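Examination of the molecular architecture
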Amino acid sequence: MRKLLLFLLLSAALFLLTPLSTGTAQLNGADFPHGRIIDDEIFTDSSTMTVAEIQEFFESKVSGGACDRNRPTYNDDFPPPYTCLFEFQQNPVTNENNYGQFEPDGTPSSVPGGISAAEIVWQAAQDHDINPQVLIVLLQKEQGLVTDNWPWTRQYSRATGYLCPDTAPCDPAQADFYKQVDGAANLFRFYLDNLDIYWYGIGQNNIYYHPDLARCGTKSINIENAATVALYLYTPYTPNQAALDNLYGTGDSCSAYGNRNFWRYFNDWFGSTSIENGNLLTIDSYDDLDTSWTKTLRLDARGNGDDELLLYGVGDNGRGNAKLYDVAGDGSLSLLTEHTTWRSNWDSIIPIDIDGDGSSELLFYGVGSNGRGNGEFYDLDGDGSMSHIKSHTTWRSNWDSIIPIDIDGDGSSELLFYRKGATKGTGEIYDIDENGSLSLITRRKSWLNRWQHIIPLNFQGNQATELLFYAEDISQTYHIGANGSLSLSKSFSGWRPTWELIVPVDIDGDSYDELIFYDQNGDGELYNVHQNSNFSSIRAYDDWSDVWTNITPLSLYDGDDSEEIFFYSSVTDGPIPTLSNILIND
């Protein structure tokens, strides 16, 4: 009598009760997050599953492992044979489907122009930028379609509860599976993009427990994010204590289960609905980038705050080759310009801003034919073309590091030069004018001679540079005064001595840098840097590739101020370069 009870007693959009989840460990109702049911980044990640993975999931979840097609019915309105979700097809144009149609050998019939339920779910997810896992869970919590091994036609026509209000009949114009799935995904996207026009929004809201409004009352909930608003707009009730106390069963007469079941199924099937701080979300990957590049650099050729990506290495012609790419908000690369005749022995290529206009210039440094250090400044146009500013041919040839800094926070770069020396390290700070001429600000001859990394970063939020000095046995943070003076903020010992890369990145768009530490054991660590120079761990990673050679932050035109991370390996047969977000639960 399961279906009879389901349809006579329960409203599909609100009250669907389905069998206990197949999750290995049951959740605790006390953990239900009324104000943040699912994080935005998870809700809108349309890349989580392929069509094949969705199809495999549908096949794995059907109750009993097979479709009970010829099960005797007690309701003549829904006779067998039944078609399960994993074998369902529909033509989205003609609306023809294969429900109840089978070949003589028992295999499901095909529909001309038909696509599978998995394809319908995947396409709706792509079209509306909604996680396909969200739509899968919606199918289950609304109609139990994922696990049901003898679903009725009515479950397909109301598959997601789209335009099926609790207090009125469903819209007959939307009564087919394709329209239900696509309509639900489209509605979620509309909610997310138009939060300001609805009765629920981010902030404090009174959410009803049940359609019997006067009897069952409301709960005051601080909704924290857009995805949770969308869920409450779609299913406008929150579970009461009775529903949470019996998370895998029924509550009382004022219990509603829609959002409870959404949270329960998603967690049991796909993992947490909350991002763990520091989770990496792949935006794009680039299997067409070869391994010849030795340097990957961020720069802003247009001065609009959106970075371009410069790749440099030695080409087959023995010359320095470079490609400058525009990086779209979705991570796609488009080539702006290519250079094939640069010098092949540049030790450093340094993006700087010598005039404070927000657009990048480039400083090239290497040993020239005269045995001296050569430095060349170039201006960049928005299309990546270059014009020469100034050449220097008598610099030291043994600078270990040249670091762009901003000691006064005015947006124009100064340069810090460092060499290790035999017994003492030397540091020199120079001002640069718009013509590429350098004037000494300060020279220090008594620095440590074993600094492996000198990292410019901003942990005060004022755009002026602070510095992190790193060696195997000691690390120190310094504030730089406008006159080039350094004042020690904090010293550290006991850090891992094998960090290959230390990368400042603003992962949350608050203008304060976080730090990524990486060594080639495949270990990474992400730290928050506080204004008092204390470090606090956000996330440790032990599953990164052990052959990343470059980790480069990029600021993209993607609607927020946070920076993304470009991972690249110059190792033959190494991992495919990727662009990722580091997610922070705010």
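Our subject is the structure that appears above.
In what follows, the accompanying structure is described. As the structure is a prediction and not an experimental result, all values here were calculated from the model. (Residues numbered from 1 in each chain as written. Predicted model: local features only at pLDDT ≥ 70, side-chain atom pairs only at ≥ 80, totals over all residues. Heavy atoms only, no water.)

It is worth spelling out the nonpolar core at this point. Residues Phe43, Phe58, Leu139, Phe177 and Phe188 are the most contacted members of the largest nonpolar core, which totals 65 residues. Elements with a minimum of two residues in this core: helix H3 (40-43), helix H4 (51-61), helix H5 (117-128), helix H6 (132-143), helix H8 (177-193), strand E4 (218-223), helix H10 (226-234) and helix H12 (258-270). Once residues within four sequence positions are removed from consideration, Phe43 is found in contact with Ile38, Ile130, Asn131, Val134, Phe188, Leu192, Ala227, Leu231 and Phe262. If you look at the next biggest cluster of nonpolar residues, it comprises 14 residues, including Ile403, Ile405, Ile429 and Ile480. (Core = buried A, V, L, I, M, F, W, Y, C linked by side-chain atoms within 4.5 Å. Buried < 20%, exposed > 50% of the residue type's maximum accessible area, 1.4 Å probe, protein only. Helix = DSSP H or I, 4+ residues; strand = E, 2+ residues; numbered from the N terminus. Contact = heavy atoms within 4.5 Å.)

A full pass over the atoms with the stated rule returns 3 disulfides. Residue Cys67 pairs covalently with Cys84 via a disulfide, S to S 2.1 Å. Residues Cys67 and Cys84 share a disulfide whose torsion about the S-S bond is about 95°; that sign makes it right-handed. Taken as a pair, Cys67 in the loop between H4 and strand E1 (89-90) and Cys84 in the loop between H4 and E1 lie far apart in primary sequence, 17 residues in all. Assessed through its relative accessible area of 15%, Cys67 is described here as buried. On the accessibility criterion, Cys84 (0% relative accessible area) is buried. Between the sulfur atoms of Cys164 and its disulfide partner Cys170 the distance amounts to 2.0 Å. Between Cys164 and Cys170, the disulfide has an S-S torsion of 120° and is therefore right-handed. Under the relative-accessibility criterion, Cys164 is labelled buried at 9%. Once the disulfide-bonded cysteines of the protein chain are ranked by sequence position, their pairing pattern turns out to be 1-2, 3-4, 5-6. (Disulfide = S-S within 2.5 Å.)

What follows is about the packing of H4 against H6. The interhelical angle for the contact between H4 and H6, taken along N-to-C directions, is 25°, at an axis separation of 12 Å. The angle between H4 and H6 falls in the class roughly parallel. When you trace H4 past H6, the crossing you get is right-handed. Listed contacts from H6 to Ile54, Phe57 and Phe58 of H4 are Pro132, Ile136 and Leu139. Its residues assigned to classes, the contact of H4 with H6 shows 6 nonpolar, no polar and no charged. (Axes fitted to C-alpha atoms, helices over the stretch in contact; angles between N-to-C directions. Parallel < 35°, antiparallel > 145°, perpendicular 65-115°, else oblique. Left-handed = near helix turned anticlockwise from the far one by under 90°. Nonpolar A, V, L, I, M, F, W, Y, C, P; charged D, E, K, R; others polar.)

A word on the packing of aromatic side chains. Scanning the entire structure with this criterion turns up 47 aromatic pairs. Between Trp342 and Phe364, the aromatic rings sit 5.1 Å apart at their centres with planes inclined by 90°, giving edge-to-face as the arrangement. Taken as a pair, Trp342 in strand E9 (residues 333-342) and Phe364 in strand E11 (residues 361-367) lie far apart in primary sequence, 22 residues in all. Judged by its relative accessible area of 12%, Trp342 is buried. (Phe/Tyr/Trp six-rings, centres within 6.5 Å; stacked < 30°, edge-to-face > 60°.)

Let us look at the sheet that holds strand E6 (residues 293-299). Pairing in this open sheet of 4 strands is antiparallel, and the strands run E6-E7-E8-E9 from one edge to the other. Two strands close off the open sheet at either side, each with one partner strand: E6 and E9. Averaged over neighbouring strand pairs, the angle between their axes works out to 20° when direction is ignored. In this structure, E6 lies alongside strand E7 (residues 308-314), joined through 6 bridges in antiparallel fashion. Its bridge partner being in E7, Leu299 is matched across the sheet by Glu308. (Pairing = 2+ DSSP bridges.)

Of all 5 residues that make up strand E18 (residues 453-457), 4 are buried, and the element is covered over most of its length. Here E18 pairs with strand E19 (residues 466-470) via 5 bridges, running antiparallel. Bridging across to E19, Pro456 finds its partner in Leu467.

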